[in-house]
Amino acid sequence: MGVVLAAGALVVGAVAEAAPNRGGVKGPTPTAAPAVGSLAWPGVPARPSTALQHDFTEAAAEFHVPLQVLMAVSYEETLWESHGGRPSTTGNFNVMGLTQVSPGDLAASVQPDVDGTAGGDAPRLPSAHSLTELRRIDMASPALHTLQTAAALAGVTAQRLKTDMRQSVRGGAALLASYERGLHPQTGAQASLPADPAQWWPAVVAYAQAETPSAGQQFAARVYDVVRRGAARLTDDNQQVSLPAAPVVRPPQLAGALAALATAGDGGAAPECPSDLACTFTPAAYRQNANSGTAKGGTAKSSATKSGAAKGGTTTDYGDYAQGDRPTDGDGIQYLVLHDSEGSREGAIAFAQDPTSHASAHYLVGRDGSVTQLVPTRDVAWHTGSKTVDAHSIGIEDEGFALRTGTWYTESTYESTAALVRYLAARFAIPLDRQHLLGQDDVPAGTGTASDSGSATNADAAPYWDWSRLLDLVGAPLTGQHRQPVVGGAVTVAPPYDRITQPDLTGCGGAGRACPSHPANFVYLRDAPASDAPLLNGGTTAASDDSDKAAYGQTFVVAGVAPDAGGDGGWVGVWYGGQEAWFEDPGWRDTLVPDPAAGAALTLVTPTGDQPIPVFDRAYPESSAYPSALASLAASPAQQLTPLADTIAPGQAYLASSQVSGDFFTAGFGCADASGAAACTVVIGTTQYYPIRFDHRLAFVRASDVQLIAPASPPTAVPAATSPTATSATTAG
């Protein structure tokens, strides 16, 4: 419902490869993370260090916590990362993921990128009341203040736990010990704690501070899975950490913990989730609104009854999703779209249950790994602002409080999102690639739509979503070679999500305000192959401005290459939004060139004639395809296929997905039980389209306007570059 969301080198049971240390980051205090607002990770050692490993060992001994449990809890919270002392989007800090959230940490305002138009009406934006619901956060909840509790137990300040890895580990160990003692108060404060790690299951459940019992059990099961399998990685703090596998550790609770995680919720219906995921069903609102004037935003509450009827309501003003029968009704499910909720789990559910929000997603993933289904997958949730994408997608919200400086997501969030994505992709035959696994910033946007603003909120989390981590977890990591691209071939943007990919960003906590340094998932695009060239499209460094950025996993056709003098890296030009866009690629490390077989399987399109061709933000059918009962809808201005301002000139080429028929889904309130013009209707035309990666967003071109071409193949041996002169494709127009 909000702006979208995008690895550390993870290896379970093995040692990860060290990331290159570009920039000479080093310092005298290897386990200290900086205070918020300073440069990130100034104390990272020049060589891999075992200081953090030592910190775990010492803290485990000091607080009598089994070392395997302490390390696995930290791993499940943060993958042993400090994130430079920056908070997560849900207020977690440092390697132990301890929490601290206060009202002053929240962004001033949010505006979800959604609209709830059921037919051809003007967009209906969320009411002021629904946005207030979205912002609901229980600030008194102990789950948001574990950092203060841990600081008191460890005898240090809360700030030290935020900014010092050693103290964070001590605080986490002290908190685990307190939970274990609290489970057995009759034994007294001086009683010894169990040495057997298998006996710490209840304390691990308590550490999760989960919002649902099943999510707490799921967290503990994942922690003990790490204990049993072991893990090792080199962190962004250049800390080499390893946890040897201990397969004999098997808590007695483990066998039954995963037996029935997916349970029915408020609606009494079983959720559509994998059986090993902590999942409940809490239905979003499906009710009419009274004539409350909320079409352009408003303050009125809904007067709908539980039956769904509202006095004075209309069949077009209702919330918060449209009835459907996908995919059997002809609306195939082709995309999974990820969002940031811009509110707590509690607030996001309340927002979805207010019919004046005119917005919903199918699923909500909590910071604790819990999953709440809000809308059945057969129905059309309103989550992107694009009717074409809404009709053919499933929306997944990841919990984020819209913090001013939140820059990362918990490991529980990634693991549950990945489990849900794997399940849905398998069920609906959705390819696990970035043409089909989208963020809100990938969704087509045209003039006048709710998503046309470029997700312009201070809470924009898009640059900080670790796409590489998610793709690894779903079993679909990017493949290819780090080598010089070739003009006419394909290239995939793939900057490593680590401390050496920390582009400048602004807009955190206020317009123009610098964001904390943190890994990000994109490269900046420029007008020419030079670091002093203007950003593309007159763009800015604002986190919400995606007009000058290309994100991880997006694939483009190469328009030009300007290698450095030595040929080891340089600048890459790609066709982007009808023009040539350039980005720097040092050592060819920020891109992947497809292997020959994978490249040959790609579909590229280019104009058929010698004139520029139009590009569209939707794939609608021709007017003649609408039945007579919908003639007025077909003739309405909103249904007319208006091209975007940018065109594709001859000589340009773009990556395309499989051809689709133009279609449109229309559904008034209660359409599943209606007939004739009031029935749910999928209009399918004969006009064929190709979805293409046009710029940072997807777009559509008519199949009759383009021809398919094969991508150029790179030479078997990379040619030595003799000069930094750019090579470029020639375009007409």
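Remember, predicted model here, so these are calculated numbers, not experimental data.

Turning to the overall build of the protein, a few remarks are in order. When helices and strands are counted, the protein shows 15 helices and 29 strands. Out of the 733 residues belonging to the protein, those deemed buried represent 60%. Total accessible area computed for the protein in this model is approximately 25,500 Å², and 54% of it derives from carbon and sulfur atoms.

This next bit is on the pairing of strand S27 (residues 698-702). The buried fraction of S27 amounts to four of the five residues, a majority that puts the element mostly inside the structure. Bridge count for strand S26 (residues 681-693) against S27 is five bridges, and the pairing is antiparallel. Residue pairing across strands places Ile692 opposite Ala699, the latter belonging to S27. Hairpin geometry of S26 and S27 is characterised by an intervening segment of four residues between the two adjacent antiparallel strands.

This next bit is on the confidence of the model for the protein. Mean pLDDT for the protein: 84, with 82% of residues reaching 70 or above. Note on residues 1-40: pLDDT is under 50 here. Beyond four places in sequence and across chains, it has 150 contacts. pLDDT under 50 marks residues 292-307. Its contacts with residues more than four places away, or in other chains, come to 31 contacts.

Another point: the sheet that holds strand S6 (residues 279-281). Sheet architecture is open: six strands sit in the order S6-S12-S11-S14-S10-S15, paired in mixed fashion. Every interior strand has two partners, whereas the edge strands, S6 and strand S15 (437-439), have only one. Mean inter-strand twist for the sheet, computed between neighbouring axes without regard to direction, equals 25°. Where strand S10 (residues 335-340) and S15 come together, three bridges link them in parallel fashion. Its bridge partner being in S15, Val337 is matched across the sheet by Leu438. Docked against the sheet, helix H10 (residues 345-352) engages S6, strand S11 (363-365) and strand S12 (371-373), running at close to 170° with respect to S11.

With that settled, consider H10. In terms of burial, H10 is a largely internal element, seven of the eight residues being buried. Of the positions making up H10, those classed as buried are Arg345, Gly347, Ala348, Ile349, Ala350, Phe351 and Ala352. Looking at the packing, one finds that the buried side of H10 touches helix H3 (128-134), S6, S11 and S12.

Tallied over the full model, the rule gives 17 salt bridges. Between Arg618 and Asp617 there is a salt bridge, and its shortest N-O distance comes to 3.1 Å. Residue classification places Arg618 among the buried residues on the basis of a relative accessible area of 18%. For Asp617, a relative accessible area of 8% puts it in the buried group. Salt bridges sharing partners connect three or more residues here, namely Glu133, Arg136 and Glu346.

This brings us to the nonpolar core. In terms of nonpolar packing, the biggest core is built from 55 residues, with Phe56, Leu70, Val73 and Trp80 touching the most fellow members. Residue assignment for this core shows that the elements contributing at least two residues are helix H1 (51-63), helix H2 (67-78), helix H4 (146-154), helix H6 (165-182), helix H7 (201-208), helix H8 (213-229), strand S5 (240-243) and helix H9 (254-257). A per-element tally of this core places H6 first, with eight residues. With sequence-adjacent residues up to four places away left out, Val73 is seen in contact with Met96, Leu176, Val204, Tyr207, Phe219 and Val223.

Here we take up the packing of aromatic side chains. Scanning the entire structure with this criterion turns up 17 aromatic pairs. Taken together, a centroid distance of 5.6 Å and an interplanar angle of 75° make the contact between Tyr286 and Tyr318 edge-to-face. Of the two residues, Tyr286 is situated in the loop between S6 and strand S7 (287-288) and Tyr318 in strand S8 (residues 318-319); the sequence distance between them amounts to 32 residues. Under the relative-accessibility criterion, Tyr318 is labelled buried at 0%. Here the aromatic cluster, defined as three or more aromatic residues joined through ring pairs, consists of Tyr286, Tyr318, Tyr321, Trp382 and Phe669. Lying across the ring of Trp467, Arg434 places its NZ or CZ 3.9 Å from the centre.

Once that is clear, we can look at the pairing of S26. Pairing geometry for strand S25 (residues 660-666) and S26, over six bridges, is antiparallel. The residue of S26 that forms the bridge with Phe664 is Val683.

So, about unusual backbone geometry. The peptide bond linking Gly319 to Asp320 adopts the cis configuration, its omega dihedral lying at 0°. One can find Asp320 in the loop between S8 and strand S9 (321-322). Cis geometry is found at the peptide bond from Arg326 to Pro327, where omega equals -5°. The residue His358 is not glycine, and still its phi comes out positive at about 50°. When you line up the elements, His358 lands in the loop between H10 and S11. Among the residues examined, His358 registers a relative accessible area of 0% and is labelled buried. Residues other than glycine seldom take positive phi values, yet Ala429 does so here, at roughly 55°. Secondary-structure assignment places Ala429 in the loop between helix H12 (411-428) and S15. Residue class for Ala429 comes out exposed when judged on its relative accessible area of 66%.

Attention now goes to the state of the cysteines. Applying the stated criterion across every chain, the model contains two disulfides. Paired by a disulfide, Cys273 and Cys279 hold their sulfur atoms 2.0 Å apart. Taking relative accessible area as the criterion, Cys279 reaches 1% and is therefore assigned buried. Here Cys671 engages in a disulfide with Cys680; their sulfurs sit 1.8 Å apart. The sign of the 85° torsion about the S-S bond sets the Cys671-Cys680 disulfide as right-handed.

Our next topic: the side chain of Arg345. Note that Arg345 resides in helix H10. Those residues in contact with Arg345, other than ones at most four positions away along the chain, are Glu211, Thr212, Thr280, Leu364, Ser370, Thr372 and Glu399.

Right, let's talk about the packing of H6 against H7 for a bit. Running from amino to carboxyl end, H6 crosses H7 at an angle of 120°, the nearest separation of the two axes being 8 Å. Classed by the angle they form, the pair H6 and H7 counts as oblique. Helix-helix and strand crossings are classified by hand; for H6 and H7 the assignment is right-handed. Here Gly172, Leu175, Leu176, Tyr179 and Glu180 of H6 lie close against H7, whose contacting residues are Ala203, Val204, Ala206 and Tyr207.

Packed helix pairs are specified by the crossing angle of their axes together with the interaxial distance, meaning the distance between the axes. Across the interface, H2 lies against H8 with an axial gap of 9 Å and an inter-helix angle of 115°. For H2 against H8, the interelement crossing comes out right-handed. Contact residues: H2 offers Gln68, Val69, Ala72, Val73, Tyr75, Glu76 and Glu77, while H8 offers Phe219, Arg222, Val223, Tyr224, Val226 and Val227. Residues belonging to the contact of H2 with H8 are distributed by class as follows: nine nonpolar, one polar and three charged.

How each quantity is defined
Numbering of residues begins from 1 in every chain and follows the order in which that chain's sequence is written. In keeping with the model being predicted, local features are shown solely for residues with a pLDDT of at least 70 and side-chain atom pairs are shown and tallied solely at 80 or more, while totals for entire chains, interfaces and linings include all residues. As a convention, hydrogens and water are excluded, and side-chain values are obtained from all of the structure's heavy atoms. Secondary structure follows DSSP: runs of H or I at least 4 residues long count as helices, runs of E at least 2 residues long count as strands, and numbering of each begins at the N terminus. We call a residue buried when its accessible area falls under 20% of the maximum for its residue type, exposed when it is over 50%, and partly exposed in between, using a 1.4 Å probe and counting protein chains only. Note on areas: Shrake-Rupley, 1.4 Å probe, and residue coverage restricted to the protein chains presented here. A pair of strands is considered paired only if DSSP assigns at least 2 bridges between the two. Confidence of the predictor at the level of single residues is given by pLDDT, which spans 0 to 100. In what follows, residue pairs with any heavy atoms lying within 4.5 Å of each other are defined as contacts. Here an axis means a line fitted to C-alpha atoms, over the contact stretch when the element is a helix, while the angle between two N-to-C directions is reported on a 0 to 180 degree scale. Any Lys or Arg side-chain nitrogen found within 4 Å of a carboxyl oxygen on Asp or Glu counts as a salt bridge. In this description, a nonpolar core means a group of buried Ala, Val, Leu, Ile, Met, Phe, Trp, Tyr and Cys residues linked to one another through side-chain atoms lying within 4.5 Å. Classification of ring pairs uses Phe, Tyr and Trp, with its six-membered ring standing for Trp, and accepts pairs whose centres are within 6.5 Å; under 30 degrees between planes counts as stacked, over 60 as edge-to-face, and the remaining range as tilted. To sit over a ring, a charge needs its Lys NZ or Arg CZ within 6 Å of the ring centre and within 35 degrees of the ring normal. A pair of sulfur atoms, both from cysteines and within 2.5 Å, is called a disulfide here. Throughout, the term roughly parallel applies to angles under 35 degrees, roughly antiparallel to angles over 145, roughly perpendicular to angles from 65 to 115, and oblique to all others. Two helices crossing with the near one rotated counterclockwise from the far one by less than a right angle form a left-handed crossing, whereas a clockwise rotation gives a right-handed crossing. Three residue categories are used. Nonpolar comprises Ala, Val, Leu, Ile, Met, Phe, Trp, Tyr, Cys and Pro, charged comprises Asp, Glu, Lys and Arg, and polar comprises the others, including Gly.

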